[in-house]
Amino acid sequence: MNKRDVYITEVALRDGSHAINHSYTIDQVTEVAKALDEAHVPFIEVSHGDGLGGSSLQYGLSTTNEMELISAAVSVCKQADIAVLLLPGIGTVGDLKEAANIGARMARIATHVTEADVSKQHIKVAKELGMETVGFLMMAHMVPTEKLIEQAKLMESYGADTVYVVDSAGALLPHQVKERIRALREALNVNVGFHGHNNLSLAMANTLVAIEEGATRVDGSVRCLGAGAGNTQTEVLVSVLDRMNITTAIDLYKMMDVAEDIVAPILDQPQEITKGSLVLGYAGVYSSFLLHANRAAQKFNLDPRDILIELGKQKVVGGQEDMILDVASDIAQKRMTFST
Ligand SMILES: C[C@H](O)CC(=O)C(=O)O
Ligand SMILES: [Mn+2]
């Protein structure tokens with residue numbers, strides 16, 4: 001195996017869960033994970049879209065228990081490590097232990113970008129379980145770089161092997177990614193990572209800027225199967241990095257084949273930048289809110305864009321999904337008051 005300059009974590013089997021209403025089946029996860037493993041992807045993330053324990057009315061019920069999906073992925077991977085995402089408060093230490101017990105080797109502990117302190121216990125337990133551990137600072141566009149560094153240092157001090165800048169809303173512009181990754185590289189002694197969303201069509205540019213500034217861990221979703229307009233498209237990223245002589249050690253043809261032959265048929269419709277996903281990036285809204293906002297819009301007979309713009313103004317963050325219906329109901333009520 002060639003040495004890798006950049007390690008890609010494939011997130012379609014976790015972030016992509018948002019895009020397909022958490023409906024992954026064991027057969028789908030088995031087939032995708034096996035093919036990704038054969039393409040030599042080093043890390044494959046499998047969990048509910050909102051991480052371990054996310055299956056609920058608030059976040060969306062999973063069709064299949066995520067531990068069964070994780071086991072299925074573990075059972076077919078010969079070289080890849082299975083990663084799990086955990087948002088403290090949604091998932092618990094118990095969930096983490098169960099995932100480690102069935103073979104997950106990497107734990108990605110995600111918090112809102114100002115709340116890193118709640119990751120302490122989970123990072124520590126993940127380390128004790130022998131897992132490679134990542135701190136995942138979500139909605140990174142919402143704070144200035146100094147705050148991001150402060151929070152990243154907390155995660156580093158808890159034992160994270162890597163700290164990620166997570167552009168959950170796909171709202172960061174390339175110069176903002178550049179500034180953040182550069183600052184983190186200067187401030188931290190651990191690996192720096194980047195997770196993008198393509199709502200403003202910037203996921204690839206942002207990922208390349210992140211790598212240029214020294215990020216060695218980046219996320220991709222094959223065929224763009226992630227929340228909103230999806231993430232940096234993995235097979236395209238592998239091709240571009242290859243052209244740049246940056247080694248990922250991923251087999252390009254096999255990666256293209258997974259995208260075309262296995263993942264494309266899973267999608268209800270091709271992942272593209274729709275007016276809804278564009279507004280996520282424009283207004284700075286958590287990408288996984290898209291389907292929730294579409295449903296709320298239908299219920300209250302509204303344009304989902306109005307709901308998303310208001311959620312952006314109110315700076316609603318991940319975990320506050322219940323606010324989507326509140327905001328929709330307020331907009332509908334105000335409109336009724338004005339029209340009577
Ligand atoms: C729970 C979120 O979907 C995590 C993530 O992928 C993001 O913030 O982006
Ligand atoms: Mn994401």
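Residues numbered from 1 in each chain as written. Chains lettered and ligands numbered in written order. Predicted model: local features only at pLDDT ≥ 70, side-chain atom pairs only at ≥ 80, totals over all residues. Heavy atoms only, no water.

With respect to the coordination of the manganese ion (ligand 2)
Every protein donor of the manganese ion (ligand 2) is accounted for by D15 (OD), H195 (NE2) and H197 (NE2), and the metal-donor separations fall at 2.0 to 2.2 Å. One chain supplies every donor for the manganese ion (ligand 2), spaced along it as D-x179-H-x1-H. Taken as a pair, D15 in the loop between strand 1 (7-10) and helix 1 (16-19) and H197 in the loop between strand 7 (191-195) and helix 8 (203-212) lie far apart in primary sequence, 182 residues in all. On the accessibility criterion, H197 (4% relative accessible area) is buried. (Donors = N, O, S within 2.8 Å, 3.2 Å for Na, K, Ca; no water. Helix = DSSP H or I, 4+ residues; strand = E, 2+ residues; numbered from the N terminus. Buried < 20%, exposed > 50% of the residue type's maximum accessible area, 1.4 Å probe, protein only.)

Let's talk about the site of ligand 1
Taken together, 14 residues sit near ligand 1, with R14, D15, H18, S168 and Y286 positioned nearest. Here R14 contributes a side-chain N or O atom positioned 2.8 Å from an oxygen atom of ligand 1. Here an oxygen atom of ligand 1 sits 3.2 Å away from a polar atom, N or O, in the side chain of H197. Across the complex, the protein chains shield 98% of the 280 Å² of accessible surface that ligand 1 would expose by itself. The residue inventory of the shell around ligand 1, partitioned by class, reads 6 nonpolar, 5 polar and 3 charged. (Near = heavy atom within 4 Å. Polar contact = N/O pair within 3.5 Å; in protein donor to acceptor, adjacent residues only side chain to side chain. Areas by Shrake-Rupley, 256 points an atom, 1.4 Å probe, with all protein chains shown as cover. Nonpolar A, V, L, I, M, F, W, Y, C, P; charged D, E, K, R; others polar.)

Topic: the side chain of E45
One can find E45 in strand 2 (residues 43-45). A distance of 2.8 Å separates a polar atom in the side chain of E45 from a polar atom in the side chain of R14. When near neighbours in sequence (up to four residues on either side) are disregarded, E45 contacts T9, E10, V11, L13, R14, A83, V84, L85 and R108. (Contact = heavy atoms within 4.5 Å.)

Here we look at unusual backbone geometry
Its identity is not glycine, yet C224 carries a phi of approximately 65°, on the positive side. Considering the arrangement of structural elements, one finds C224 in the loop between strand 8 (217-220) and helix 9 (234-243). On the accessibility criterion, C224 (6% relative accessible area) is buried. Although it is not a glycine, N245 sits at a positive phi angle of roughly 60°. Relative to the helices and strands, N245 is located in the loop between helix 9 and helix 10 (252-263). Overall, the relative accessible area of 68% leaves N245 in the exposed class.

Thoughts on the pattern of salt bridges
Across all of its chains, the model carries 16 salt bridges by this definition. Between R217 and E132 there is a salt bridge; the shortest N-O distance is 2.9 Å. Residue R217 is found in strand 8, and its partner E132 is found in strand 5 (residues 132-138); the two are separated by 85 residues along the sequence. Taking relative accessible area as the criterion, E132 reaches 22% and is therefore assigned partly exposed. D303 is paired through a salt bridge with R305; the nearest N and O atoms lie 2.8 Å apart. We classify R305 as partly exposed; its relative accessible area is 31%. Salt bridges linked by common partners bring R14, D15, E45, R108 and D219 together as one network. (Salt bridge = Lys/Arg side-chain N within 4 Å of Asp/Glu carboxyl O.)

A short note on the side chain of E235
Relative to the helices and strands, E235 resides in helix 9. Despite its burial, E235 pairs with no opposite charge, the nearest such side chain being R223 at 5.1 Å. At 3.2 Å, the side chain of E235 and the backbone nitrogen of R223 are in polar contact. A polar atom in the side chain of E235 sits 2.7 Å from the side chain of Q233. (Lys, Arg positive; Asp, Glu negative; His and termini not counted.)

Details of the UniProt feature "active site" (unreviewed entry) in the protein
UniProt's feature table lists "active site" (unreviewed entry) at H18, given in the numbering used throughout. Setting aside chain neighbours within four positions, we find H18 in contact with G49, D50, A227, S288 and L291. (UniProt positions renumbered as here; feature names shortened; annotations may be inferred.)

Comments concerning helix 10
Here helix 10 contains 12 residues, and its C-alpha end-to-end distance of 15 Å stays within 8% of the 16 Å for a straight helix at 1.5 Å per residue. Tucked into the core, helix 10 has its buried residues touching strand 1, helix 2 (26-38) and helix 9. For helix 10, the capping residue at the N-terminal end is D251, with a side-chain oxygen 3.2 Å from the backbone nitrogen of Y253. (Expected span 1.5 Å × (residues − 1).)

Digging into the packing of helix 4 (residues 93-101) against helix 5 (residues 120-128)
Closest axis-to-axis distance for the helix 4/helix 5 pair is 10 Å, and the angle between their directions is 25°. In terms of orientation, helix 4 lies roughly parallel with respect to helix 5. Every pair of crossing elements has a handedness; the one defined by helix 4 and helix 5 is right-handed. Residues V93, L96 and K97 of helix 4 lie in contact with helix 5, whose contacting residues are Q121, H122, V125 and A126. Tallied by class, the residues present in the contact of helix 4 with helix 5 amount to 4 nonpolar, 2 polar and 1 charged. (Axes fitted to C-alpha atoms, helices over the stretch in contact; angles between N-to-C directions. Parallel < 35°, antiparallel > 145°, perpendicular 65-115°, else oblique. Left-handed = near helix turned anticlockwise from the far one by under 90°.)

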